[in-house]
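Architecture and fold: a report
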Amino acid sequence: MFWKELWTSYKGRLLGVAAAVFLIIIYLISGFWNMMFCALILFIGYTAGKYKDLDQGSLIPWKEIRDWLFSKWRPFR
């Protein structure tokens, strides 16, 4: 009963502490910059998945980039 009440009352805090402990262990094992690279990859994957879930199109506006490049350089003059 105690653990169930603790979980329902402090779920976010417990998950935050567990995530922090996990990241500390990764930091101690593999190093800070390796951990930051993994976090970057995770963030990119999450963001791309979120865009796909919400049907917001592509994360990178390819059409606008192409139009801007063609207006600046005009490849076939």
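Below: a short report on this structure. (Residues numbered from 1 in each chain as written. Predicted model: local features only at pLDDT ≥ 70, side-chain atom pairs only at ≥ 80, totals over all residues. Heavy atoms only, no water.)

Here the focus is the packing of helix H2 (residues 11-30) against helix H3 (residues 32-53). Remark: H2 packs on H3, axes separated minimally by 7 Å, with the N-to-C direction vectors making an angle of 130°. One finds that H2 runs oblique with respect to H3. On the side of H2, the interface is formed by Leu 23, Ile 26, Tyr 27 and Ser 30, while H3 contributes Phe 32, Asn 34 and Met 35. Residues of the contact of H2 with H3, tallied by class, amount to five nonpolar, two polar and no charged. (Axes fitted to C-alpha atoms, helices over the stretch in contact; angles between N-to-C directions. Helix = DSSP H or I, 4+ residues; strand = E, 2+ residues; numbered from the N terminus. Parallel < 35°, antiparallel > 145°, perpendicular 65-115°, else oblique. Contact = heavy atoms within 4.5 Å. Nonpolar A, V, L, I, M, F, W, Y, C, P; charged D, E, K, R; others polar.)

Bringing H2 into the picture now. Side chains that are three or four residues apart share a direction in an α-helix, a result of its 3.6 residues per turn. Relative to the 28 Å expected for 20 residues at 1.5 Å per residue, H2 spans 28 Å between its end C-alpha atoms, a close match to the ideal helical length. Gly 31 occupies a position one or two residues after H2 and carries a positive phi of about 105°. (Expected span 1.5 Å × (residues − 1).)

Along the chain, the position of Ile 25 falls in helix H2. Judged by its relative accessible area of 44%, Ile 25 is partly exposed. For the pair Ile 25 and Ala 39, spaced 14 residues apart in sequence, the C-alpha to C-alpha distance is 14 Å. (Buried < 20%, exposed > 50% of the residue type's maximum accessible area, 1.4 Å probe, protein only.)

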